[in-house]
Amino acid sequence: MHQGNWKCGGCGAAITELPFEPRGDVGLMCKACFSKSRGPARNPSDNSGGNTGGDKPKHQGDWKCSGCSKAITELPFKPRETSNLLCLDCFKQSRAV
Ligand SMILES: [Zn+2]
Ligand SMILES: [Zn+2]
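Procedures and definitions
Residues numbered from 1 in each chain as written. Chains lettered and ligands numbered in written order. Predicted model: local features only at pLDDT ≥ 70, side-chain atom pairs only at ≥ 80, totals over all residues. Helix = DSSP H or I, 4+ residues; strand = E, 2+ residues; numbered from the N terminus. Buried ≥ 20, exposed ≤ 12 C-beta atoms within 10 Å, placed from the backbone. Contact = placed C-beta atoms within 7 Å. Pairing = 2+ DSSP bridges.

### A closer look at the overall build of the protein
When helices and strands are tallied, the protein shows two helices and four strands. N-terminal to C-terminal, the α/β element order of the protein is β-β-α-β-β-α. Within the protein, the proportion of its 97 residues that are buried is 2%. Look at the contacts in the protein between residues 6 or more apart in sequence, and 3% of them connect residues 24 or more apart.

Written out as structure tokens, the structure reads:
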């Protein structure tokens, strides 16, 4: 912490301590104004911001990879067709072009 005698450019409050050494006192902000300048705090329970992408449900099963014949016990989706399932490795390979 740097001790000093500065003035907040936002509310005019005295600033006596800063986490950094300022070059000048222009544009300095007290903690309250600084956090205000960062914008309104986001409300985590507000879903208007879009998808939070929580845990994807996994489907357990007993399938077989059509690529390498490895056993597949877990899939991120419920397969409709089990004859052409791919394990994660084969799936990645089929995607890699
Ligand atoms: Zn201030
Ligand atoms: Zn495979």
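Next comes the rest of the write-up.
### So, the pairing of strand S3 (residues 59-64)
Taken together, the four bridges between S3 and strand S4 (residues 71-75) define a ladder with antiparallel strand orientation. Paired with His 59 across the strands is Leu 75, a residue of S4. Hairpin connection from S3 to S4: six residues lie between these consecutive antiparallel strands, with Ser 69 at a positive phi of about 65°.

### Here's the deal with the pairing of strand S2 (residues 14-18)
Successive residues of a regular strand alternate their side chains across the two faces of the sheet. Of all the five residues making up S2, zero are buried; the element is thus mostly uncovered. The antiparallel hairpin formed by strand S1 (residues 2-7) and S2 contains six residues in its connecting segment, where Gly 12 sits at a positive phi of about 80°.

### Overview of the environment of Phe 34
Mapped onto the elements, Phe 34 comes out in helix H1 (residues 31-37). Along the sequence, Phe 34 and Gly 10 sit 24 residues apart, while their C-alpha atoms lie 8.6 Å from each other.

### A few points about unusual backbone geometry
One non-glycine residue with positive phi stands out, namely Ser 69, at about 65°. Here Ser 69 falls in the exposed class, since 9 other C-beta atoms lie within 10 Å of it.

### Notes on the environment of Ala 71
Position of Ala 71 relative to the elements: it lies in strand S4. Along the backbone, Ala 71 and Leu 86 are 15 residues apart, and their C-alpha atoms lie at a distance of 9.7 Å.

### Focus: the environment of Cys 30
Looking at the element boundaries, Cys 30 is found in the loop between S2 and H1. Here the alpha-carbon distance between Cys 30 and Leu 18, two residues twelve residues apart in the chain, equals 8.6 Å.

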